[in-house]
Amino acid sequence: MKKSVILFLMMFAVIPTYVQLQLKAPGVKWDESYSFDKCNVCKIEFYAKNDELMRTGQYKIYYQSTGENFDVKLVTDGRGNGTETVLDKKNEVAIQIFGTGGGAKPYYNAGGFKYPTETELKKLEVVPTTETKEIMGIKCKKYTYTYKKIFGEIWITDQINLSNDLGVFRACKMAALHNTLSVPGFVMEMTTEDAKGGKTLMKTVSLQNAEKYTLELKGVEMNTAINKVNYYTFQVIILKPN
C-alpha cells in the first residue's frame, strides 16, 4: 500500500508559505490562555476504492458554554503528529499549533481572520430526501449534494442547537469550498466521495460533554502571519502517514 499524505478534512488551514518566514506581524493579538468547559467528539474515516479503510482519526472540539471561542484538537499518541487550532473570535485571530504529541516541540502560528459578508458567503446546495434515521438517539434527515466531481450525503437534525463550526460540517471537504448549507440544522454525519472511488466519512461520536480544557500560550515562541484570511480558511488538517 503506497503511503501518502491524507488531507484529513478538519478545520485547520494548510500552513501558508508566509508562515515559514517567521515574521512578527503588527496588530496580531491573542490571549495567554484559553479555557473551555464543553466538548464534542467526532471521528473521520478515509476509504480508498472498494471501501478499503485507509485511515481513521478522532478529534475533539472544545468550546465555551458562555463564550464564542473554540478549539479543535486532533487526538493522537504519535510523536509530532498532533495539530490544534483555536478560533479567538474576540481578537479575530486563529492560533495554529503543529507537531504536538509525544514530547515533540510544536510550531505555533497566529494569524488574523476576517468574516465574509453575507454576499460573500458560499452555500452548499443540498437536496432533501424522505429518509430519516437516528444518530446517537437523535432524529436526522438525509440530504444529498453534488459539486462538480464530488458528491455525498448529509444527515441533519433540528434537535441540536449548536453552530456547525462545532461539528463535522466544518471538517468536511465541501466546507472548504462552501461556508454554509442551503438549509438550517446541525450536521451529525456526512460523506464526501469522488469519481475515483475515494470516500471520507465524518460522524459525530458524542456531543455537549462537560469537559474542562485549558490551553496555555504564555511564553511560547509564536510566529505571526502578515495577511488576514477568510474565517473559513481554517479547515484542513494534514495527517501524516505512519
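Criteria and thresholds
Residues numbered from 1 in each chain as written. Predicted model: local features only at pLDDT ≥ 70, side-chain atom pairs only at ≥ 80, totals over all residues. Heavy atoms only, no water. Helix = DSSP H or I, 4+ residues; strand = E, 2+ residues; numbered from the N terminus. Buried < 20%, exposed > 50% of the residue type's maximum accessible area, 1.4 Å probe, protein only. Contact = heavy atoms within 4.5 Å. Areas by Shrake-Rupley, 256 points an atom, 1.4 Å probe, with all protein chains shown as cover. Pairing = 2+ DSSP bridges. Phe/Tyr/Trp six-rings, centres within 6.5 Å; stacked < 30°, edge-to-face > 60°. Lys NZ or Arg CZ within 6 Å of the ring centre and 35° of its normal. pLDDT = per-residue confidence, 0-100. Salt bridge = Lys/Arg side-chain N within 4 Å of Asp/Glu carboxyl O. Core = buried A, V, L, I, M, F, W, Y, C linked by side-chain atoms within 4.5 Å.

1. Looking at the overall build of the chain
- Check the secondary structure of the chain and you find 1 helix and 17 strands.
- Taken across its 242 residues, the chain has 47% of its residues classed as buried.
- Long-range contacts, defined here as pairs at least 24 residues apart, represent 62% of the contacts in the chain between residues at least 6 apart.
- Summed over all atoms, the accessible surface of the chain reaches about 12600 Å², with 49% contributed by carbon and sulfur.

2. Some thoughts on the pairing of strand S13 (residues 186-194)
- With 7 of its 9 residues buried, S13 lies for the most part within the structure.
- Of the pairings in the sheet, the one linking strand S11 (residues 150-157) to S13 comprises 6 bridges and is antiparallel in character. By the bridge assignment for S13, Ile154 is matched with Met190.
- Bridge analysis of S13 against strand S14 (residues 199-216) gives 5 bridges, and the strand direction is antiparallel. Within S14, the residue paired with Glu189 across the bridge is Lys203.
- Counting the residues between successive antiparallel strands, the hairpin from S13 to S14 contains 4 residues, one of them, Gly197, with a positive phi of roughly 100°.

3. Description of the packing of aromatic side chains
- What the rule picks out here adds up to 5 aromatic pairs.
- Judged by centre distance (4.5 Å) and plane angle (25°), the ring pair of Tyr62 and Tyr213 falls under stacked. Residue Tyr62 is found in strand S3 (residues 52-63), and its partner Tyr213 is found in strand S14; the two are separated by 151 residues along the sequence. When sorted by exposure, Tyr62 lands in the same class as Tyr213, which is buried.
- With a centroid separation of 5.0 Å and 80° between ring planes, the pair formed by Tyr231 and Tyr232 is classed as edge-to-face.
- Overall, the relative accessible area of 2% leaves Tyr231 in the buried class.
- An aromatic cluster of three or more residues is present, and its members are Phe113, Tyr115, Tyr231 and Tyr232.
- A cation sits over an aromatic face here: Lys199 above Tyr47, 5.2 Å from the ring centre.

4. Considering the confidence of the model for the chain
- A residue-level look at the chain finds 84% of positions with pLDDT of 70 or above and a mean pLDDT of 84.
- Least confident of the elements in the chain is strand S1 (residues 6-7), whose mean pLDDT is 36; most confident is strand S9 (residues 127-135), at 97.
- Note on residues 1-22: pLDDT is under 50 here. Beyond four places in sequence and across chains, it has 76 contacts.
- Overall, residues 236-242 carries pLDDT values under 50, and its contacts beyond four positions in sequence, including any with other chains, amount to 31 contacts.

5. As for the pattern of salt bridges
- By the definition in use, this model includes 9 salt bridges.
- Linking Lys105 and Glu221 is a salt bridge whose minimum nitrogen-to-oxygen distance equals 3.9 Å. Residue Lys105 is located in the loop between strand S6 (93-100) and strand S7 (107-114), and its partner Glu221 is located in the loop between S14 and strand S15 (222-224); the two are separated by 116 residues in the primary sequence. For the residue pair Lys105 and Glu221, the accessibility class agrees, reading exposed in each case.

6. What about the nonpolar core?
- With 37 residues, the main nonpolar core has Tyr59, Phe70, Leu124, Ile154, Leu181, Val187 and Met190 as its most contacted residues.
- Looking at this core, the elements with two or more residues in it are strand S2 (33-48), S3, strand S4 (70-75), strand S10 (138-147), S11, S13 and S14.
- Contacts of Leu181, omitting those with residues within four sequence positions, involve Lys123, Leu124, Val126, Ile154, Ile156, Asn164, Phe169 and Val187.
- Counting residues in hydrophobic clusters, the runner-up holds 16 residues, among them Tyr62, Tyr213, Leu215 and Leu217.

7. Here we look at unusual backbone geometry
- Positive phi, normally seen in glycine, also occurs at Asn50, with a value near 60°.
- Here Asn50 lies in the loop between S2 and S3.
- Positioned with a positive phi, Lys148 is a non-glycine residue whose angle comes to about 55°.
- In this fold, Lys148 is placed in the loop between S10 and S11.

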